[in-house]
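# What the coordinates show
Residues per chain, in single letters:
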Amino acid sequence: MAISSDQAVGALRAAAEPTRLRILALLSREELAVLELCRILGQSQPRVSRHLKLLAEAGLVERFPDGAWVFYRLSRASPVRGLADQILALIAEDDPTLARDAARLAGVAEERAQQASQYFAENAARWDEIRSLYTAEDAVEAAILRMAGDGPFDRVVDLGSGTGRMLTLLGERARSGVGLDLSRQMLNIARAQVASAGLKAFELRHGDILATGLGEGEADLVVIHQVLHYLADPGAAVAEAARLVRPRGRLLIVDFAPHDLEFLRSEHRHRRLGFSDMEMERWLAEAGLAAPRTESLPPSAPGGLTVKIWGAERQAARLRRIA
Ligand SMILES: C[S@@+](CC[C@H](N)C(=O)[O-])C[C@H]1O[C@@H](n2cnc3c(N)ncnc32)[C@H](O)[C@@H]1O
């Protein structure tokens, strides 16, 4: 999309400052909260917020509130976004300033990953109890079964499989399945659960939802149940999940509607406090899946959480016309 000379000057002015350029480079790697940017840049919150405001006014970045936090990312739809990409592409990959920032960002991400891994290791044995604390679990599972359809499925993939509940829930309708998780403690419990449910053609693998190592179009049903809110880049996880869905196959994403229970972030390692339909629909559309159906399941008690299920299908591959 072409931009006006005023827009170009505004965007170039905004980017032409060392800290703001560093912010653009960081946000090109990952969406980040203001406090995380302050930590990486070694600058105070008022200073960083002022830089972010200028970048947002120029259309280079966009802010999105999430509970009491505010995250920033490079603008997606702004016509000046291409300018940011071009400027960043000109800078040498080993530029010392940006390389130092990238290393600090990796440190922040590693710390987050360690904390999450410790949390899941400590809570694996109690996971089935924790899962049901804030939601109407029976109603959620009934809705998942409805939205999955009767099958039978050739292959179900459960990403972030935890204790294996989705595999045992859907197992009867599937000929084979694979659950993938980063936590070895969770995987051990899931293996036992899947074995005691008699699901012989099901396996549990250690792996990251962002790089599953599974084949394109390998599954006719992919499930991501209560995992996205832990991730720094949930959109990338949706894209990887969608890649696994074969034509006419289905992806089910189960997560929370936007909420403001901040303690889930501080005490239970959630990164995002729920997702809006708009955000989820955009990720699904970008991943090539047709318009999703959604269900909302209200909390079982006051103070609980609304669970959303987004179900989207990959359309059948078009037959090539023979001339
Ligand atoms: C809240 S539990 C949900 C588990 C299961 N889906 C359920 O509903 O019971 C989240 C799971 O996601 C896993 N997880 C978190 N980040 C992951 C990642 N990047 N790749 C794979 N698994 C991940 C955790 O280890 C944990 O088992």
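So, how was this worked out
Residues numbered from 1 in each chain as written. Predicted model: local features only at pLDDT ≥ 70, side-chain atom pairs only at ≥ 80, totals over all residues. Heavy atoms only, no water. Axes fitted to C-alpha atoms, helices over the stretch in contact; angles between N-to-C directions. Helix = DSSP H or I, 4+ residues; strand = E, 2+ residues; numbered from the N terminus. Parallel < 35°, antiparallel > 145°, perpendicular 65-115°, else oblique. Left-handed = near helix turned anticlockwise from the far one by under 90°. Contact = heavy atoms within 4.5 Å. Nonpolar A, V, L, I, M, F, W, Y, C, P; charged D, E, K, R; others polar. Pairing = 2+ DSSP bridges. Phe/Tyr/Trp six-rings, centres within 6.5 Å; stacked < 30°, edge-to-face > 60°. Buried < 20%, exposed > 50% of the residue type's maximum accessible area, 1.4 Å probe, protein only. Lys NZ or Arg CZ within 6 Å of the ring centre and 35° of its normal. Domains from an automatic or database assignment. Salt bridge = Lys/Arg side-chain N within 4 Å of Asp/Glu carboxyl O. Polar contact = N/O pair within 3.5 Å; in protein donor to acceptor, adjacent residues only side chain to side chain.

### As for the packing of helix H2 (residues 18-27) against helix H6 (residues 96-123)
- Here H2 crosses H6 at 50°, and the two axes come no closer than 10 Å. Between H2 and H6, the interaxial angle falls into the category oblique. For the pair H2 and H6, the sense of crossing is right-handed. Taken together, the residues of H6 that come into contact with H2 (itself represented by Arg22, Ala25 and Leu26) are Thr97, Leu98, Arg100, Asp101, Arg104 and Leu105.
- Of the residues that constitute the contact of H2 with H6, the class distribution is four nonpolar, one polar and four charged.

### Description of unusual backbone geometry
- Omega for the peptide link from Gly151 to Pro152 comes to 0°, which places this bond in the cis form.
- By the element assignment, Pro152 lies in the loop between helix H8 (137-148) and strand E4 (153-159).
- In this model, Gln226 sits at a positive phi of 55°, which is unusual for a non-glycine residue.
- In this fold, Gln226 is placed in the loop between strand E7 (219-225) and helix H11 (234-243).

### Observations concerning the sheet that holds strand E3 (residues 69-74)
- Spatial ordering of the open sheet is given by E1-E3-E2, a layout of three strands whose pairing is antiparallel. Strand pairing shows two members of the sheet lacking a second neighbour, strand E1 (32-33) and strand E2 (61-66), which therefore form its edges.
- Bridging between E1 and E3 involves two bridges; their strand directions are antiparallel. The residue bridging Ala33 from the neighbouring strand is Phe71, located in E3.

### Describing the packing of aromatic side chains
- Counted under the stated rule, the structure contains five aromatic pairs.
- Relative to Phe120, the ring of Tyr119 lies with its centre 5.2 Å away and its plane at 75°, an arrangement referred to as edge-to-face. With respect to burial, Tyr119 and Phe120 carry one shared label: buried.
- Through a chain of ring-to-ring contacts, the aromatic side chains of Phe64, Trp69 and Phe71 assemble into a single cluster.
- Sitting above the plane of the Phe64 ring, Arg73 keeps its charged end 4.0 Å from the centroid.
- Across the ring face of Phe71, the terminal group of Arg272 is positioned such that the distance to the ring centre comes to 5.9 Å.

### Details of the environment of Pro292
- As for its placement among the helices and strands, Pro292 is situated in the loop between helix H13 (277-286) and strand E9 (293-297).
- Along the backbone, Pro292 and Gly311 are 19 residues apart, and their C-alpha atoms lie at a distance of 5.2 Å.
- Those residues in contact with Pro292 that sit more than four places away from it in its chain are Glu281, Leu284, Gly311 and Ala312.

### Side note on the environment of Ala14
- Mapped onto the elements of the fold, Ala14 is located in helix H1 (residues 5-15).
- Its relative accessible area of 7% is what places Ala14 among the buried residues.
- As for Ala14 and Ile130, which are separated by 116 residues in sequence, their C-alpha atoms are 46 Å apart.
- With residues up to four places along the chain from it excluded, the contact list for Ala14 reads Arg20, Leu54, Leu55, Ala58 and Leu60.

### Things to note about the domain arrangement of the chain
- Segmenting the chain into domains produces domain 1 (5-91) and domain 2 (127-313).
- Between the C-alpha centres of domain 1 and domain 2 the distance comes to 32 Å.
- Contact with domain 1, which involves 13 residues of that partner, is made by 11 residues of domain 2.
- Where domain 1 touches domain 2, the interface holds five salt bridges.
- Between Asp66 and Arg265 there is a salt bridge whose closest N-O contact spans 2.7 Å.

### Re the side chain of Gln43
- Within the secondary structure layout, Gln43 lies in the loop between helix H3 (34-41) and helix H4 (45-57).
- Separated by 3.0 Å, the side chains of Gln43 and Thr19 make a polar contact.
- Contacts of Gln43, omitting those with residues within four sequence positions, involve Thr19, Arg22, Cys38, Val48 and His51.

### Section: the sheet that holds strand E5 (residues 174-181)
- Sheet architecture is open: seven strands sit in the order E6-E5-E4-E7-E8-E10-E9, paired in mixed fashion. Each edge of the sheet is formed by a strand with only one pairing partner; in this case those strands are strand E6 (202-206) and E9. The mean inter-strand angle of the sheet, taken between neighbouring strand axes irrespective of direction, is 15°.
- As defined by bridge partners, E9 adjoins strand E10 (residues 307-313) across five bridges and the pair is classed as antiparallel. Counterpart to Leu297 in the pairing with E10 is Val307.
- Against the sheet, helix H10 (residues 184-196) contacts E5 and E6, and its axis sits at roughly 175° relative to E6.
- Set on the sheet, H11 makes contact with E4, E7 and strand E8 (245-256); between it and E8 the angle comes to about 150°.

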